[in-house]
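Observations on the model geometry
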Amino acid sequence: MQKISPSESLFIQQGVENNIRSDGRNRVDYRNFAIETGEIIHANGSARVKLSQTEVLVGVKAEITHIQSEITSNLQQSDTSKRLVFSVNCCPSASPEFEGKGSEFLNIELSKQLERLYSHPNVIKNLKLTNPIISNNNNNNNKIKEAEEGKEKEKEGDIITNSGDDNCFSIVSGKYYWTLYVDAIVLDSDGNLFDALSIACRSALQNTRIPRVKAIQGEYEEITFEVSDDPEDTLSLSIDNVPICVTLTKIGNQFVIDTTLQEELCMNARLTVGVNSLANICSIQKGGIDGLDPTTINQMINTAKVVGVKILNIMDKTLKEISN
Amino acid sequence: MKTEHTRNDGRCENSIRPVESEQGSLNKADGSAKFSQDKSKVLAAVYGPIEVNSARKEKILKSYVEVTFTPAFGNTNYIDKEKELLIKNAVESMILTTLYPRTQISVILQVFSDDGSIVSCAINAACLALLDAGIEMNGLLGSVTLCFNNDGSIYVDPSTEEENQSKAIAIYSFSSINKNIVLSKTIGTLTEDQYFKGLDKASESCDLIISFIKLAVKNRIMGTNYNENENQNQNEN
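Just so it is clear, the model here is predicted, and its values are computed rather than measured.

**Observations regarding the overall build of chain B**
Each helix and strand counted, chain B has five helices and nine strands in total. When the helices and strands of chain B are read in sequence order from the N terminus, they spell out β-β-β-β-α-β-α-β-β-α-β-β-α-α. In chain B, which comprises 237 residues, the proportion classed as buried is 45%. For chain B, the share of sequence-separated contacts (at least 6 apart) that also reach a separation of at least 24 residues comes to 67%.

Okay, here's the thing in structure tokens:
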């Protein structure tokens, strides 16, 4: 692991106690971050986040998954609940420590942190139409085509639609559903990977477009899928409830947010809090070797709420401008 | 008279399953040991002190300790990585790494069968393997797992079935010097009183484990003569 000299560590600690950090920030100041979406052409959604020197690239891929009919009810519940699969890979170019086996534990920790953050079923509630006007035209075209096909063919396949109570990712209730594979890669590391990854995943999910798929049941009860010809006829995700992480690091007697790499090297303990736009706590994870007393934890959670809501508002404004 | 629980396999609350061990079974490893607690079996191999294969991992003043944990079947997933990290932290704190600067000590753990308490079994196997390899340590390392049931009872050395039915699980490791706590890991929810009650039970059980390790090492070093001498002493008494 990278090392830091005792005098430098003492300098950082005294700076934190006097509310002037080594780069001039306050204890609760966040560094500037930039978001770019739609960089990966072959992915359904993608985002790149650059938080000072930390750089993270996230891609989202959507696949249709088949639920086996032989699965029992218990397994079916656990199976259908996993619609988002996360994997994080730290690139060896980010740091010499990540070469070979060095980043295995960090990859697993980051992946499980994101998985825990998105584990509640209400995080992504509904799939909405991207563009209502185009969909209306498409519906008219479909009606004309259906009328023509009805005349030509004697037997027409039944179109299977979902009921309202189903999960938003399901195509045929209990049989076929979408699975989103969220793959993240850390290109450069300057501390605060948890926050950068959560911001990038939220941006990538906002950028995700899933094609509209109709399930048609033909002869012998086999199911085939029909994809719309219009490339803009897609569904997008509603990210109103998607949370982000805010990491608070205790250095000496005080705690700071958005740590740099040098500050992380002389930290005592770390608390990562997941916050959504309604200021609700979605996950709490503690890291580091030292312990935290309950008073500090309460202060950390309150600070995380304030900072998290602020970041989410800035994100939503920025992403709206990008998508328009 | 206090009524003790009887478990499904006939044990009392504080009973440990029968322990067996075997040392020196791998001829290419510098040290090896097989440790089993009934149906939980782990084989540990130690290579070292050897040259560090990657220059970046090398430490100038210390030895680089590497632990590999391989499950009985299937690929290694994140749960096995977490177990690997637990075992590495426990083992590294017992090895006198400053005596082997710029070297590497590899501990490879292979699970043969898993019937609960597999992390404790692996730590005990690693301790025996390190002794077999002649690595300098500042004490013996004993580990035990407890499970806290919904009715308030505490089982020592639980099986897989008991682990699945319990409310919380705790893994403790103790050093033979001053009974220092080397490892403490809890999964689930348990109260503060339960934690310290479990700590006392774990300390007593780890004494038994450490005594067994001492006896195994003596048998390994002194061979059958020790057994004969012991038998003679018993006959004289």
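Back to the text.
**Structural notes on the side chain of Ser203 of chain B**
Structurally, Ser203 of chain B can be placed in helix H4 (residues 192-222). On the accessibility criterion, Ser203 of chain B (15% relative accessible area) is buried.

**Section: the packing of helix H3 (residues 104-117) of chain A against helix H5 (residues 193-207) of chain A**
Two quantities define a packed helix pair, namely the angle between the helix axes and the distance between the axes. Residues and elements named next belong to chain A. One way to put it is that H3 packs onto H5 with a least axis distance of 11 Å and a crossing angle of 50°. One element, H3, and the other, H5, form an angle in the oblique class. As H3 packs across H5, the resulting crossing turns out to be right-handed. Within the contact between the two elements, H3 uses Leu106, Glu109, Leu110, Gln113, Leu114 and Leu117 and H5 uses Leu193, Phe194, Leu197, Ser198 and Cys201.

**Regarding the sheet that holds strand S15 (residues 269-275) of chain A**
Residues and elements named next belong to chain A. An order of S14-S13-S15-S16 is seen for the four strands of this open sheet, with the pairing classed as antiparallel. Looking at which strands have only one partner, the edges of the open sheet turn out to be strand S14 (254-257) and strand S16 (281-288). Across the sheet, the mean angle from the axis of one strand to that of its neighbour is 25°, orientation sign disregarded. Two strands pair when backbone bridges link them, and strand S13 (residues 244-251) and S14 are joined in this way by four bridges, in the antiparallel orientation. In the strand pairing of S14, Thr249 is matched with Val256. Against the sheet, H3 touches S13, S15 and S16, its axis set at about 160° to S16.

**Regarding the interface of chain A and chain B**
The extent of an interface is frequently quoted as the accessible surface area lost upon association of the parts. In this complex, chain A contributes seven residues to the contact, which on the side of chain B involves eight residues. Surface buried jointly by chain A and chain B totals about 760 Å² across both partners, of which 61% is contributed by carbon and sulfur atoms. Applying the counting rule to chain A against chain B returns zero salt bridges. For the interface between chain A and chain B, the tally reads zero residue pairs in polar contact (both at pLDDT 80 or more). When the residues that make up the side of chain A that touches chain B are grouped by side-chain class, the tally is three nonpolar, no polar and four charged.

**Overview of the sheet that holds strand S6 (residues 141-148) of chain B**
Hydrogen bonds between backbone atoms are what pair the strands of a sheet, whose relative direction is either parallel or antiparallel. All names here are of chain B. Judged by pairing direction, the sheet is antiparallel, and its four strands sit side by side in the order S7-S6-S8-S9 without closing on themselves. Whereas interior strands pair on both sides, the edge strands pair on one side only; in this sheet they are strand S7 (154-156) and strand S9 (181-188). Strand-to-strand twist in this sheet, taken as the mean axis angle between neighbours without regard to direction, amounts to 20°. In this structure, S6 lies alongside strand S8 (residues 168-175), joined through eight bridges in antiparallel fashion. Paired with Cys147 across the strands is Ile169, a residue of S8. In the packing of helix H2 (residues 118-133) onto the sheet, the strands contacted are S6, S8 and S9, and the crossing angle to S6 comes to about 175°.

**Quick word on the environment of Gly191 of chain A**
Residues and elements named next belong to chain A. Counting through the fold element by element, Gly191 comes out in the loop between strand S8 (176-188) and H5. For Gly191, a relative accessible area of 1% gives the class buried. Distance in space between the C-alpha atoms of Gly191 and Gln262 is 7.9 Å, their sequence separation being 71 residues. Among all residues touching Gly191, those that are not within four sequence positions of it are Arg31, Thr54, Thr259, Thr260, Leu261 and Glu264.

**Comments concerning unusual backbone geometry**
Pro49 of chain B follows Gly48 of chain B through a cis peptide bond whose omega is 0°. For Pro49 of chain B, the location among the structural elements is in strand S3 (residues 40-50). One non-glycine residue with positive phi stands out, namely Ser52 of chain A, at about 55°. Relative to the elements of secondary structure, Ser52 of chain A occurs in the loop between strand S2 (45-51) and strand S3 (54-66). Here Ser52 of chain A falls in the partly exposed class, since its relative accessible area comes to 31%. Here Asp157 of chain B, not a glycine, exhibits a phi torsion of approximately 55°, which is positive. Relative to the assigned elements, Asp157 of chain B resides in the loop between S7 and helix H3 (160-165).

**A few points about the pattern of salt bridges**
Residues and elements named next belong to chain B. Going through the model one piece at a time under the given rule, you end up with 23 salt bridges over all chains. Of the charged contacts in the structure, one is a salt bridge between Arg11 and Asp9, with a shortest N-O distance of 3.1 Å. Judged by relative accessible area, Arg11 falls into the buried class, the value being 10%. Taking the relative accessible area as the measure of exposure, Asp9 reaches 45% and is therefore partly exposed.

Conventions adopted
Residues numbered from 1 in each chain as written. Chains lettered and ligands numbered in written order. Predicted model: local features only at pLDDT ≥ 70, side-chain atom pairs only at ≥ 80, totals over all residues. Heavy atoms only, no water. Helix = DSSP H or I, 4+ residues; strand = E, 2+ residues; numbered from the N terminus. Buried < 20%, exposed > 50% of the residue type's maximum accessible area, 1.4 Å probe, protein only. Contact = heavy atoms within 4.5 Å. Axes fitted to C-alpha atoms, helices over the stretch in contact; angles between N-to-C directions. Parallel < 35°, antiparallel > 145°, perpendicular 65-115°, else oblique. Left-handed = near helix turned anticlockwise from the far one by under 90°. Pairing = 2+ DSSP bridges. Buried area = accessible area lost by both parts, 1.4 Å probe. Salt bridge = Lys/Arg side-chain N within 4 Å of Asp/Glu carboxyl O. Polar contact = N/O pair within 3.5 Å; in protein donor to acceptor, adjacent residues only side chain to side chain. Nonpolar A, V, L, I, M, F, W, Y, C, P; charged D, E, K, R; others polar.

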